Amino acid sequence: MKQSVYDLTQQHRSIRQFKDEPLSKETVQKLVEAGQMASTSSYVQAYSIIGITDPEIKKALKEISGQQHVVDNGYLFVYVIDYYRHSLINKETNGNMETSFESAEGLLVGTIDVALAAQNVALTAEDMGLGIVFLGSLRNDVGRVSEILDLPEHVFPLFGMAVGVPSDDEQGSPKQRLPFEHVFHENQYNSDKEQLEQIKQYDNDIKDYYEQRSNGKRSESWSEQIRKMMSQKTRPDILEKLNIKGFMKK
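Residues numbered from 1 in each chain as written. Predicted model: local features only at pLDDT ≥ 70, side-chain atom pairs only at ≥ 80, totals over all residues. Heavy atoms only, no water.

## A word on unusual backbone geometry
With the exception of glycine, most residues fall at negative phi, and the peptide bonds are largely trans. Of note, Gln-45 is a non-glycine position whose phi angle comes to about 55 degrees, a positive value. In this structure, Gln-45 sits in the loop between helix H2 (25-36) and strand E1 (47-52). Its identity is not glycine, yet Asn-215 carries a phi of approximately 55 degrees, on the positive side. Among the secondary structure elements, Asn-215 is positioned in the loop between helix H9 (194-213) and helix H10 (222-230). (Helix = DSSP H or I, 4+ residues; strand = E, 2+ residues; numbered from the N terminus.)

## Some words on the packing of aromatic side chains
The final tally for this structure, using the stated rule, is ten aromatic pairs. Between Tyr-75 and Phe-77 the ring centres are 4.9 Å apart and the planes differ by 55 degrees, which places this aromatic pair in the tilted class. Judged on exposure class, the residue Tyr-75 and its partner Phe-77 are both buried. An aromatic cluster is defined as three or more aromatic residues linked by ring pairs; in this entry it consists of Tyr-75, Phe-77, Tyr-79, Phe-134 and Phe-159. (Phe/Tyr/Trp six-rings, centres within 6.5 Å; stacked < 30°, edge-to-face > 60°. Buried < 20%, exposed > 50% of the residue type's maximum accessible area, 1.4 Å probe, protein only.)

## A word on the environment of Gly-131
Mapped onto the elements of the fold, Gly-131 is located in strand E3 (residues 131-135). Through-space distance from the C-alpha of Gly-131 to that of Arg-235 is 28 Å; in sequence the pair is 104 residues apart. Among all residues touching Gly-131, those that are not within four sequence positions of it are Ile-15, Phe-18, Ala-162, Val-163, Gly-164 and Pro-166. (Contact = heavy atoms within 4.5 Å.)

## Quick word on the layout of surface pockets
There is about 1,200 Å³ of room inside the largest pocket. Lining the largest pocket are 37 residues; nearest its centre among them are His-12, Ser-14, Arg-16, Lys-175 and Arg-177. For the lining of the largest pocket, the leading source of residues is H9, giving five residues. (1 Å grid on protein atoms, 1.4 Å probe; cavity = no way out; pocket = protein on both sides within 12 Å on 5 of 7 lines; lining within 4 Å. Points joined across faces, edges and corners; volume = space filled by probe spheres on them.)

## A closer look at the pairing of strand E4 (residues 155-164)
Along E4, ten of the ten residues are buried, which leaves the element largely enclosed by surrounding structure. Bridge analysis of strand E2 (residues 75-82) against E4 gives eight bridges, and the strand direction is antiparallel. Pairing of Ile-81 across the sheet is with Phe-156, part of E4. Here five bridges tie E3 to E4, and the two strands are oriented antiparallel to one another. Opposite Val-133, over in E4, you have Ala-162 as the bridge partner. (Pairing = 2+ DSSP bridges.)

## Focus: a nonpolar patch on the surface
Together, Leu-108, Ile-112 and Leu-116 make up an exposed nonpolar region whose accessible area comes to about 270 Å². Structurally, Ile-112 is set in helix H6 (residues 104-127). (Patch = residues over 30% accessible without salt bridge, like charges linked within 9 Å, V, L, I, M, F, W, Y side chains within 5 Å. Areas by Shrake-Rupley, 256 points an atom, 1.4 Å probe, with all protein chains shown as cover. Salt bridge = Lys/Arg side-chain N within 4 Å of Asp/Glu carboxyl O.)

## Structural notes on the sheet that holds E1
With antiparallel pairing, the four strands of this open sheet are ordered in space as E1-E2-E4-E3. With partners counted over all chains shown, the strands left at the sheet margins are E1 and E3, one partner each. Here the average twist between neighbouring strands, direction ignored, is 25 degrees. (Axes fitted to C-alpha atoms, helices over the stretch in contact; angles between N-to-C directions.)

## Some points on the nonpolar core
Counting 30 residues, the largest nonpolar core has Phe-77, Tyr-79, Ile-81, Met-161 and Val-163 as the members making the most contacts within it. Contributing elements (two or more residues each) for this core: H2, E1, E2, H6 and E4. Counting residues per element, this core draws most heavily on H6, which supplies eight residues. Ranked by size, the runner-up nonpolar core spans 19 residues in total, among them Ala-60, Val-80, Val-145 and Leu-151. (Core = buried A, V, L, I, M, F, W, Y, C linked by side-chain atoms within 4.5 Å.)

These results come straight from atomic positions and should not be treated as a statement about function.
And the structure:
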């Protein structure tokens, strides 16, 4: 019996090792079409999906990412906010649409559109028996990514996604998320002190997860992991690069 969508979501885990089996053109098209059917704000469709097949382009993107699975995968997608098509309409009609797509709200709309489309692709890929991993590391140098992919103004790279048949060596289980009671709030946000106690319990669970998965070589709580990551400012040039691409001007 085919598993439910809910069951499929509960089995998600990032896959970083893939078999040397390229995705067919038919599979790629189905994945992109699945992404296109995601919800889009006001039918704006402010995104594009770039499929990478050129080994040299993959290699160049891997130098930015630092991750081998940017090269070794069944297929590589790069997801971009895309208002270029809207800018063409704007120029053709001598309009003033740039007040929308160069604004902070326009940036949010594009980002949300990209994320929704990408999640549709991810879920569809996993339903096909494939594995995926998101690649936010492409934002390590968005200027260089823009050059490599020849992105015009009003097009901004957000992240990549490696897709493929999971390697036989790829082991592991879904990583536990924060408790339902912690992330779900009914009617109003609940900011009482129970949140901290829930985090402490979650920290214990995550430490156990890492210890078991690494045979005792790694022992780190979620709080420790987040504290290390968020105690330093990452990619401080993002706003500057957004401005160069025509975003956040209004």
